[in-house]
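# An overview of the molecular structure
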Amino acid sequence: MSPAAVAGYDRIGSAALVHTAQAVAAEALRVSFREARARVADDGHGALAVEITAPLTVPVLGSHANPDEPVTTSAHRARAAIAERLRTITGRQVERVTVTFTSSIVDTPRRVR
């Protein structure tokens, strides 16, 4: 049995949009939630414009673990992933995603216990 239609609106608050964008960006860029920052704005036509600030994750220097692709390619892929995931979660169109790398962090392999 489907629920009866009820008058009203469903809205996602700005804080929820920001935290969702921050979580999605952290996952896409392989950084912790605390290291990613997000700003989300409505573009005036109902779509979202997202600005992400996060560190660039690089392999351990001297580990001979060269990245498979240039940083710019990784950033383009992350932007697309962020836009698609936000659209899926929020149901809102994402018009623009801007990623700014402000520092770099070493991607240290974690041991399994």
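Read on for a plain summary of the structure. Because the structure is predicted, anything quoted here is derived from the model rather than measured. (Residues numbered from 1 in each chain as written. Predicted model: local features only at pLDDT ≥ 70, side-chain atom pairs only at ≥ 80, totals over all residues. Heavy atoms only, no water.)

## Observations regarding the sheet that holds strand β3 (residues 94–107)
Put simply, the test is: Pairing between two strands requires that DSSP report at least two bridges joining them. Numbering goes from the N terminus for both helices and strands, where a helix is a DSSP run of H or I of at least four residues and a strand is a run of E of at least two. All axes are obtained by fitting lines to C-alpha atoms, using only the stretch in contact for helices, and the reported angles, taken between N-to-C directions, cover 0 to 180 degrees.
Spatially, β1-β2-β3 is the arrangement adopted by the three strands of the open sheet, whose pairing is mixed. Both outer strands of the open sheet, β1 (37–42) and β3, are each paired with one neighbouring strand and no more. Strand-to-strand twist across the sheet, computed as the mean angle between neighbouring axes with direction ignored, equals 20 degrees. Here β1 pairs with strand β2 (residues 48–59) via six bridges, running antiparallel. The residue bridging Ala38 from the neighbouring strand is Ile52, located in β2.

## Notes on the packing of aromatic side chains
Applicable threshold: Aromatic contacts are taken between Phe, Tyr and Trp rings whose centres are within 6.5 Å, Trp giving its six-membered ring; a plane angle under 30 degrees counts as stacked, one over 60 as edge-to-face, and the others as tilted. Counting as a charge over the ring demands two things of the Lys NZ or Arg CZ atom: a distance within 6 Å of the ring centre and an angle within 35 degrees of the ring normal.
Taken as a whole, this structure holds zero aromatic pairs when the rule is applied. Here the basic side chain of Arg11 rests over the ring of Tyr9, its NZ or CZ set 5.0 Å away from the ring centre.

## Notes on the pattern of salt bridges
Stated precisely, the cut-off is as follows: Salt bridge, as used here: a side-chain nitrogen of Lys or Arg that lies within 4 Å of a carboxyl oxygen of Asp or Glu.
Inspection of the entire model under this criterion finds three salt bridges. Of the charged contacts, one joins Glu51 and Arg39 as a salt bridge, the two residues approaching to 3.4 Å between their closest N and O atoms. One end of the pair, Glu51, is in strand β2; the other, Arg39, is in strand β1, and 12 residues separate them in sequence. A salt bridge links Arg87 to Glu84; the nearest nitrogen and oxygen atoms lie 2.6 Å apart. Residue Arg87 and its partner Glu84 are located together in helix α2 (residues 71–90), separated by three residues, close to a single helical turn.

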